[in-house]
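Observations on the three-dimensional arrangement
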Amino acid sequence: MEKIKIQYLDETIEKLCYIDGKSDWIDLRAAEDVELKAGEFKLIPLGVAMQLPKGYEAHIVPRSSTYKNFGIIQTNHCGIVDESYCGPNDWWYMPAYALRDTKIAKNDRICQFRIEKHQPELMFEEVSRLDHEDRGGIGSTGKR
């Protein structure tokens, strides 16, 4: 099991934990009270800094209820924090854009993350045609 060093912004930030039996994603919380008007942008502090193991990165995405509860979207849609962002002042943030006036309280769960190994080095082989049957569609629906 990998160990990750974590620093919390202050003693009032709820500690990170898994939600037993639900998911291997871990919720991140607002580290301060935030008030945004529709159309405003803010880097919302998440109250943590981490030292990820070499070869790992964190993928940060909104929770499924973030827009419904707070009316914000994450502007980079998926934030990536690699192991080089690991100093005592390398705090994690959620870049948020408000689509309606909103208030977020300190410790509200606004996004989630998981730790992944870096993608292995890949080699792309150019071919004139792929071998598999054409599904005739786009994505998993198979419909155009």
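Not measured: the values here are computed from a predicted model. (Residues numbered from 1 in each chain as written. Predicted model: local features only at pLDDT ≥ 70, side-chain atom pairs only at ≥ 80, totals over all residues. Heavy atoms only, no water.)

Attention now moves to the sheet that holds strand E2 (residues 26-29). Spatially, E2-E11-E6-E8 is the arrangement adopted by the four strands of the open sheet, whose pairing is antiparallel. What marks the edges here is a single partner per strand, and that holds for E2 and strand E8 (79-82). Strand-to-strand, the axes of this sheet are offset by a mean angle of 30°, without reference to chain direction. (Pairing = 2+ DSSP bridges. Helix = DSSP H or I, 4+ residues; strand = E, 2+ residues; numbered from the N terminus. Axes fitted to C-alpha atoms, helices over the stretch in contact; angles between N-to-C directions.)

The sheet built from three strands is open, its strands ordered E4-E9-E7 with antiparallel pairing. Because the sheet does not close on itself, it has two edges, and the strands there are strand E4 (41-45) and strand E7 (72-74). Each strand of the sheet is rotated relative to its neighbour by a mean of 40°, with strand direction disregarded. Across five bridges, the pairing between E4 and strand E9 (residues 93-98) is antiparallel. Its bridge partner being in E9, Pro45 is matched across the sheet by Tyr93.

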